[in-house]
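Take a look at the letters that make up each chain.
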Amino acid sequence: MKLYYLYFACLLLMASCNKKEEVLKIKSPDNNIEVSFDVNEKGEPYYTVSLKNKTVIDSSGMGFEFKTQNPLQSNFQISKADITKVDETWQMPWGEQLVVRNNYNELKVVLEEQSEAKRQLVVNFRVYNDGIGFRYEFPEQGSVKELVITDENTEFNLTGDHTAWWIPGDWDIYEHLYTKSKFSEIDALSKRDHPNLSATYIPENAVNTPVTLKTDDGLYVSFHEADLTDYSGMTLKVDKENTAFVSELVGSKNLEAKAKITLPFKTPWRTIQIAERAGDLIESNLIVNLNDPNAIGDVSYFTPMKYVGIWWEMHIGKSTWDYEASQDMTTYVEGNASSKSHGATTENAKQLIDFASENNIKGMLVEGWNTGWSQWLSGNREGIFDFMTPYPDYNFDEVMKYAKEKGVEIIMHHETSSAPRTYEKQMEVAYNFMKKHGINSVKTGYVGTIFPKGEYHHGQWMVNHYHKVLEEAAKKKIAVNAHEPIKGTGKRRTYPNAIAREGLRGQEFNAWASDGGNPPSHLPTVAFTRMLSGPIDFTPGVFNIKFDEYRKSNQVNTTLAHQLALYVVINSPIQMACDLPEHYMKDGKIHPMFQFISDVGVNWEKTKVLNGEVGDFVTIARKERETGNWFVGGITNEEARTVTLTFDFLEEGATYKTIVYKDGSEAHWKDNPQEYEISEGDLIKGKTLVIPMAAGGGFAISVIKKEIQG
Ligand code: NOJ
Ligand code: CA
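Residues numbered from 1 in each chain as written. Chains lettered and ligands numbered in written order. Predicted model: local features only at pLDDT ≥ 70, side-chain atom pairs only at ≥ 80, totals over all residues. Heavy atoms only, no water.

Enquirer: I'd like a description of the site of ligand 1, backed by residues and values.
Expert: Near ligand 1 you find 14 residues, and of these Glu367, Glu415, Lys443, His483 and Glu508 are the closest. Residue Trp311 places a side-chain N or O atom 2.9 Å away from an oxygen atom belonging to ligand 1. Separating an oxygen atom of ligand 1 from a side-chain N or O atom of Glu508 is a distance of 2.8 Å. (Near = heavy atom within 4 Å. Polar contact = N/O pair within 3.5 Å; in protein donor to acceptor, adjacent residues only side chain to side chain.)

Here's what the structure looks like:
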């Protein structure tokens, strides 16, 4: 790691003569992005951001308000400023890229109040080639040990009425559809009335992050945060008058504030990704780079994998989580499940284990195996699960033994029903139980409103809970895939046992949502929004697209080939093949399209976004670690389109065999979603392939490196 420290003589001068000499400026390593920082005549700090001398973020203020202290936002002077340059690399233990370059220039400014109290606030900017991050640091000051923040007022002043892809600033859940609108037309309050969500709270016109915008000049800007630790999640209030976003932290009714911090304290980074090409947003490593290096050491106990599970069958209503079968997801769908059977039986689990071992699928998830599900949506959800007691028709030991014999890894499931205090009490015992049985990963869930009342999924209290889970799990060498989680903020760099999370409208909405599920534009939007925050457990792979025999009013709103493409498009080290084993069969044999799921990698050396436009389409190519094989996935929204792919990224001199899985010529997401074509060919570096996609369609390509004959 190279580190240089430079000091500005003029800055020191400024401090001593108490007079502004010049605005502080810092550029990205490639000199394209520039951040300026200063305080105005009232002593209020502000910053601007430009790309190639064109303003991207106009003069924007910052500051804090507290419960019992005066605000920290004016009457400042700059007392010190340091510049540091960093250029280093680090490796992802698993993920979308093996070697990551962390190259930025940093400006750290100490602001001091001119009043008696002389309180200090430090603002720290890191400027990368693909965007910026800045955070606040509260040094220890005098007798103040703790601050209760009632508002953080970070502004992001936009340069025009950009097009935005946004979800509402819900304090409880991210499971909303994205809306594309002009900034001035953002109306989060119109999303309040959502029949499918069991916990939702949208207090004002704000959006959640990542939120991505496109300017009229074709520039892409995406706002998010990195390293969210011991603080509340940030939503962005829509200030239409000033065409600006303003940070609005998720609050707590119990604290009657937004966050309580103990000094010294560093806030999360506020991040702005800037890209001239939409795909560069996806290739950016800004968010992970802004997190601390690995703090938990070796995580080889977790193997990136594909998995099957006892899961989709409950969502489409074939079976239930609950043994007594008295309750289905009745908050989500009409209908009584009492005629249905329990999904997690020993026999069913064994059948799935057989399917997995025969089809190169490493893992299996079992939901509904433990007692408590008859009350999981009830009023009192404390203490209903113990995470150790199986239902009588699920022989835990027998399933574990069978899985081991067949070389399949079982993934544990802990639905907490949003009773985190209960979960924290059980965690140690539950994790010991897992390890005793050789289980290395757990899917957690937080359905419903949080107990205790007054806390929200995205507030500081829960941020600390999710963090505690990661820490406790890391101690036991357990990897965590959280559903109804806090958003990803790149903490997977520090805690690589945070393998994936939900935090979006997942596949399950296609099974039961009363609005008909996720439209074809959903994933082409998610790729440029939610996916910027990190891996997604979306659970792709539905082959029986219409599943009319289970639920006539719902279907998956894509073609079959689009489902295959998701194994590459979606970034995750765990990818479910979520459909029922019988739906993966055709004419008594495994479905020919399933070959792609068997072959596709889950752990990547490199990722390249070949094309794409937010909400319209995207094609991603990923090179598998160890084999050197490439896999390519492309998806489109409601519009059919043809893409031309140039394989200029393949290895010079190598020859590859391709298998192309695409939509049939008459395929259509609504009327004919299952028509497909498979073709084989050869490929070398530089060659192009032209691939048509149906409406709501997609394609997947295996690019397998041939043995080079010596
Ligand atoms: C919601 C999760 O997103 C889903 O995957 C899970 O099956 C149910 N909760 C039950 O835990
Ligand atoms: Ca969910």
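Structure shown, so let's carry the discussion forward.
Enquirer: Go over the pattern of salt bridges, please, and point to the residues and values.
Expert: Taken as a whole and assessed by the stated rule, the structure comprises 37 salt bridges. Salt-bridge contacts for Arg119 lead to Glu113; the nearest nitrogen and oxygen are separated by 2.7 Å. With respect to burial, Arg119 and Glu113 carry one shared label: buried. Between Glu398 and Lys350 there is a salt bridge, with the nearest N and O atoms lying 2.7 Å from each other. On the criterion of sequence distance, the pair formed by Glu398 in helix H6 (residues 396-406) and Lys350 in helix H5 (residues 346-358) is long-range, its members being 48 residues apart. The exposure class assigned to Glu398 is partly exposed, which follows from its relative accessible area of 34%. Linked by salt bridges that have partners in common, Asp151, Lys237, Glu248 and Lys258 make up one network. (Salt bridge = Lys/Arg side-chain N within 4 Å of Asp/Glu carboxyl O. Buried < 20%, exposed > 50% of the residue type's maximum accessible area, 1.4 Å probe, protein only. Helix = DSSP H or I, 4+ residues; strand = E, 2+ residues; numbered from the N terminus.)

Enquirer: Before we move on, could you go through the domain arrangement of the protein and cite the residues and values that matter?
Expert: Looking at the assigned domains, one finds that the protein contains domain 1 (9-289) and domain 2 (305-600). Look at where the C-alpha atoms of domain 1 and domain 2 centre, and you get two points 33 Å apart. Taken together, the 57 residues of domain 1 in the interface contact 56 residues of domain 2. Of the roughly 4400 Å² buried between domain 1 and domain 2 on both sides combined, carbon and sulfur atoms contribute 57%. Three residues stand out in domain 1 for area buried against domain 2, namely Trp94, Tyr174 and Asn196, and they jointly supply 19% of the buried area on that side. Applying the counting rule to domain 1 against domain 2 returns 32 residue pairs in polar contact (both at pLDDT 80 or more). Counting only elements with at least two residues in the side of domain 1 that touches domain 2, the list comes to strand S7 (76-91), strand S17 (220-226), strand S20 (259-262), helix H2 (278-283) and helix H3 (286-289). (Domains from an automatic or database assignment. Contact = heavy atoms within 4.5 Å. Buried area = accessible area lost by both parts, 1.4 Å probe.)

Enquirer: Talk me through the sheet that holds strand S6 (residues 64-66); I want residue IDs and the actual numbers.
Expert: Strand order across the open sheet formed by three strands is S6-S11-S20, with antiparallel pairing between neighbours. Each edge of the open sheet is held by one strand with a lone partner, namely S6 and S20. Within this sheet the neighbouring strands show an average axis-to-axis angle of 50 degrees, counted without direction. (Pairing = 2+ DSSP bridges. Axes fitted to C-alpha atoms, helices over the stretch in contact; angles between N-to-C directions.)

Enquirer: If you had to explain H6 to someone new, which residues and values would you point to?
Expert: Restricting attention to buried positions, one finds in H6 the residues Phe396, Val399, Met400, Tyr402 and Ala403. Buried residues of H6, viewed axially, fall in a sector of 165 degrees; they line one side. Residues of H6 that are exposed and point over 90 degrees away from its buried face: Asp397, Lys401, Lys404 and Glu405. Just past H6, the residue Gly407 takes up positive phi, approximately 70 degrees. (Arc of directions from axis to C-beta.)

Enquirer: Can you tell me about the layout of surface pockets, naming the residues and giving the values?
Expert: Rolled over the atoms, a probe sized like a water molecule indicates the empty space that remains. Estimated volume of the largest pocket: approximately 410 Å³. In terms of lining residues, the largest pocket is bounded by 20 residues, among which Asp30, Tyr128, Asn129, Asp130 and Ser284 are the most central. Going through the elements one at a time, strand S8 (99-113), strand S22 (269-275), H2 and H3 are the ones with two or more residues in the lining of the largest pocket. In terms of residue class, the lining of the largest pocket is built from six nonpolar, seven polar and seven charged. (1 Å grid on protein atoms, 1.4 Å probe; cavity = no way out; pocket = protein on both sides within 12 Å on 5 of 7 lines; lining within 4 Å. Points joined across faces, edges and corners; volume = space filled by probe spheres on them. Nonpolar A, V, L, I, M, F, W, Y, C, P; charged D, E, K, R; others polar.)

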